[in-house]
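Coordinates in review
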Amino acid sequence: MSDKKAQTRERILKAASSALIQRGPAEPSVGEVMGAAGLTVGGFYAHFESKDALMLEAFKHLLSQRRGLIAAMDTGLSGEERRALAAAFYLSRKHRDSTELACPIPASVGELGRLPDEFREVLNEHIELMVAQLAASPEDADKALADIALMVGGLALARALGPGELSDRLLRAAKSAVQ
């Protein structure tokens with residue numbers, strides 16, 4: 001792949017990632033994504049087989065970034081400390097309001113049942129890898145899984161409410177429940 005083609009592909013992926021974070025993988029159109037990338041629709045199929053292929057790649061990339069943030073944590077922390085640190089960032093107003101580098105799961109989870117199975121497979125793998133990163137031991141895995149569910153659900157509700165006192169309270173309450 002030429003450098004120019006690789007750069008164009010990255011622009012498309014960046015635009016798709018932003019759209020996915022804001023509205024999930026099903027709603028954004030190819031035209032919208034290409035327009036956000038500063039390109040015309042005509043060049044899309046030189047880079048991706050389909051809209052689903054593009055959104056799946058963006059979903060994988062965004063989830064990989066999330067795991068990278070967890071992997072960068074101090075490995076000397078206990079599972080509980082790692083989850084509390086993750087929750088402090090994940091359940092923050094900054095993360096709730098972000099349109100870049102935000103978690104795509106809250107905007108995507110309701111749509112996954114209508115998308116190709118590969119989306120659920122990617123999410124399944126991501127959750128299992130996150131549990132492994134956030135659990136101190138196999139016995140701690142169910143607590144890590146519950147905390148992940150609490151964080152994703154808390155963020156989804158806070159985003160749905162939008163900035164405001166109730167949304168802020170929800171973030172604080174979910175953060176304090178993560179252990």
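Residues numbered from 1 in each chain as written. Predicted model: local features only at pLDDT ≥ 70, side-chain atom pairs only at ≥ 80, totals over all residues. Heavy atoms only, no water.

The next thing to look at is the overall build of the protein. The number of helices and strands found in the protein is nine helices and zero strands. Sequence-ordered secondary structure for the protein, helices as α and strands as β, is α-α-α-α-α-α-α-α-α. Relative to its length of 179 residues, the protein is compact, with a C-alpha radius of gyration of 17 Å against a globular reference of 16 Å. With respect to the principal axes defined by its C-alpha atoms, the protein has extents near 50 × 35 × 30 Å. Residue burial in the protein is summarised as follows: out of 179 residues, 42% are buried. Once local pairs closer than 6 in sequence are excluded, the contacts in the protein between residues at least 24 apart make up 70%. On the protein, roughly 9,400 Å² of surface is accessible, and the fraction owed to carbon and sulfur atoms is 55%. Distance between charge centroids for the protein: 6 Å, based on 22 positive and 24 negative side chains. (Helix = DSSP H or I, 4+ residues; strand = E, 2+ residues; numbered from the N terminus. Rg over C-alpha atoms; globule rule 2.2 N^0.38 Å. Buried < 20%, exposed > 50% of the residue type's maximum accessible area, 1.4 Å probe, protein only. Contact = heavy atoms within 4.5 Å. Areas by Shrake-Rupley, 256 points an atom, 1.4 Å probe, with all protein chains shown as cover. Lys, Arg positive; Asp, Glu negative; His and termini not counted. Charge placed at Lys NZ, Arg CZ, Asp CG, Glu CD.)

Those places that UniProt annotates as "domain: HTH tetR-type" (unreviewed entry) correspond, in this numbering, to residues 6-66. The distance separating the terminal C-alpha atoms of residues 6-66 is 23 Å; by composition the span is 67% helix and 0% strand. (UniProt positions renumbered as here; feature names shortened; annotations may be inferred.)

The subject of this paragraph is the UniProt feature "DNA-binding region" (unreviewed entry) in the protein. Taking the numbering used here, the UniProt-annotated feature "DNA-binding region" (unreviewed entry) corresponds to residues 29-48. With 35% helix and 0% strand, residues 29-48 has its two end C-alpha atoms placed 14 Å apart.

Before going further, it helps to spend a moment on the pattern of salt bridges. If you walk through the whole model with that rule in mind, you get eleven salt bridges. Between E27 and R23 there is a salt bridge, with its nearest N and O atoms 2.8 Å apart. With relative accessibility at 52%, the residue E27 sits in the exposed group. Here the salt bridges share partners, and the residues they tie into one network are R83, D140, K143 and D147. (Salt bridge = Lys/Arg side-chain N within 4 Å of Asp/Glu carboxyl O.)

The terminal C-alpha atoms of helix 7 (residues 117-134), which comprises 18 residues, lie 26 Å apart, in line with the 26 Å expected from a rise of 1.5 Å per residue. Where helix 7 is concerned, the buried positions are F119, V122, L123, H126, I127, M130, V131, Q133 and L134. (Expected span 1.5 Å × (residues − 1).)

You can see A136 is positioned in the loop between helix 7 and helix 8 (141-161). A relative accessible area of 59% means that A136 is categorised as exposed. Separated by 54 residues in the primary sequence, A136 and R82 place their C-alpha atoms 8.9 Å from one another.

Right, let's talk about the nonpolar core for a bit. Counting residues in hydrophobic clusters, the biggest one holds 48 residues, and the most contacted among them are L54 and L91. Those elements that provide at least two residues to this core are helix 1 (3-23), helix 2 (30-36), helix 3 (51-71), helix 4 (79-90), helix 7, helix 8 and helix 9 (165-177). Considering each element in turn, this core owes the most residues, eight residues, to helix 3. Not counting residues up to four positions away in its chain, the partners in contact with L91 are M151, G154, L155, L171, A174, K175 and V178. (Core = buried A, V, L, I, M, F, W, Y, C linked by side-chain atoms within 4.5 Å.)

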